[in-house]
Amino acid sequence: MMKPVPRLWVVISVMSVFCLFVLFQFHVSYLFGKSLQITHQVNNFFISISSSSHPQPLNLTRFANESDGNKAKHPQEEEEKETCAGRYIYMHNIPSTFNDDIIKDCKTLIKWFTMCPFMVNSGLGPQVSESDNKTSRVLTSKTGSWYATNQFLLAVIFRERMKHYECLTNDSSLASAFYVPYYAGFDVGRHLWGYNTTVRDELGIKLAKWLRERPEWRKMYGRDHFFVTGRIGWDFRRGLDEDSAWGSKLMLLPEFANMTMLSIETTAWTNEFAVPYPTYFHPKSLPEVRRWQMKVKTVKRKYLFSFVGAPRPNMDGSIRGEIIKQCLASHGRCKFLDCNKSGQDCDNPVKVMEVFQRSVFCLQPRGDSYTRRSIFDSILAGCIPVFFNPGSGYNQYMWYFPKDFRKYSVYIPEKGMKNGTVSLRNLLGRIDLGSIVKMRNEVVKIIPKIIYVKPGLVGPEKIEDAFEIAVDRVIERAAMVKRMMEEGKDLQSEYSQTRDLEKFE
């Protein structure tokens, strides 16, 4: 007859089995967690470039089998609800015809050059190598946050950031604003030369129809909707249905006329808002931004002023020729980086940033339009911008620049340059060191506001970058328009052509 097993041994045996089971579950969970993390990193690229001579299919979203619409998490925790109350964004899961399919043929997006090399790294472009001493001296060493970013890819960069937005929701009833990830700039850009107006307008008209049939549209008939483009506003306001006329009529369509457009440069219309051009710097943490600010605040500057650009001899009223003339005659006080010369120095982030870092003042005359990407690259370098027209900065980037332009910039009216009464060397040379230090300090404060940080921020501290500011202002605007509608007020002031970009407000 068998002896009964003591109760204590039974308990110990059961507990041992239970502990082994828990440890096994933890081990499996850990392994799967690592696997998912690795997959996340491998797929964290906008496009893959193969060394094969045969074209490879493009990976056009961060997760191969994931659409915009199902990426967002439904808010469940009370803490998240409190944090995101009034800040939820709903991203329309529009057909790929309106975004990914447009950029599949990256060679034809811009007439003058291929966009394919710039498509990597979720639209940030090729990473700038920091292996040589000069690059490490000019840029922040060993951060991996510098990219050869093209300005036209703003819409792609913004969309990728939106996928990581902390208050992105799948529940449209919670949303305060609605984002439409349409690549309008690339759509019109590929059809600007050699195509008729029907082709230029086709996709915009189809998307307008798609949007107005959505239940989310009927909430405010699109007045809480917005989209982003890396082109200037005039490219979407063609007034004539003639093939020789410029651009598309996207913003003249009734549906888009109700929406808010964020672009690198606005027109006189009040439902357009200018956001910064992308720069080369896409940091991953706030300490990294602080280190860069300290660097440009203390760097020694050899030149009094500089100009990075090319002349516009065939453009009526251009002052670039006079600026270049004075720069070359400044006896070494000015640095001119000629973008007309071969060698593509102006497309080299290191060479451009080196000029700006070594200059006290950076000249920002108008180019083909009011604004220039150079404005933001120079501010990033801690260089004090010199504007010649209010429409180049002061009446554009009002969400980002201080209202008092004298705090961070110098204004020289174009008229003085045209009639030859202004000497840049004498005028800028008379500004005392104390005033320069104050202005530079203000410029350095602007830096976090005009950069687009890399998706997947590292560290607990949030960076109020260009994306975050834009989203917050769009939400504020949607709330204001909603109140006006509820109160029966006239909305004409918010959707009219009433701005004068060349006058100080």
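Residues numbered from 1 in each chain as written. Predicted model: local features only at pLDDT ≥ 70, side-chain atom pairs only at ≥ 80, totals over all residues. Heavy atoms only, no water.

Draft legend 1. Representation of the packing of aromatic side chains in the model. Applying the stated criterion across every chain, the model contains 27 aromatic pairs. Ring centres 6.0 Å apart and planes at 65° place the aromatic pair Tyr394 and Tyr411 in the edge-to-face group. Within this pair, whereas Tyr394 is found in the loop between strand 9 (384-387) and strand 10 (410-411), its partner Tyr411 is found in strand 10, the two being separated by 17 residues in sequence. Tyr394 sits in the buried class, given a relative accessible area of 10%. Judged by its relative accessible area of 25%, Tyr411 falls in the partly exposed class. Plain terms: the ring middles of Phe405 and Tyr411 are 6.2 Å apart, the flat faces sit at 75° to each other, and that makes the pair edge-to-face. Ring pairing ties together the aromatic residues Tyr277, Phe376, Phe387, Tyr394, Tyr397, Phe401, Phe405, Tyr408 and Tyr411, which thus form one cluster. One residue, Arg477, lies across the ring of Tyr495, its end atom 5.0 Å from the ring centre. (Phe/Tyr/Trp six-rings, centres within 6.5 Å; stacked < 30°, edge-to-face > 60°. Helix = DSSP H or I, 4+ residues; strand = E, 2+ residues; numbered from the N terminus. Buried < 20%, exposed > 50% of the residue type's maximum accessible area, 1.4 Å probe, protein only. Lys NZ or Arg CZ within 6 Å of the ring centre and 35° of its normal.)

Draft legend 2. Inspection of the pattern of salt bridges at higher detail. Tallied over the entire structure, the rule returns 29 salt bridges. One continuous salt-bridge network, built from bridges that share partners, spans Arg87, Arg161, Glu166, Lys462, Asp465 and Glu468. (Salt bridge = Lys/Arg side-chain N within 4 Å of Asp/Glu carboxyl O.)

Draft legend 3. Here's a closer look at the sheet that holds strand 7 (residues 334-338). Spatially, 7-6-8-9-10 is the arrangement adopted by the five strands of the open sheet, whose pairing is parallel. Either end of the sheet is taken by a strand with one partner, and the two such strands are strand 7 and strand 10. With five bridges connecting them, strand 6 (residues 303-309) and strand 7 associate as parallel partners. The partner of Val308 across the bridge, within strand 7, is Leu337. (Pairing = 2+ DSSP bridges.)

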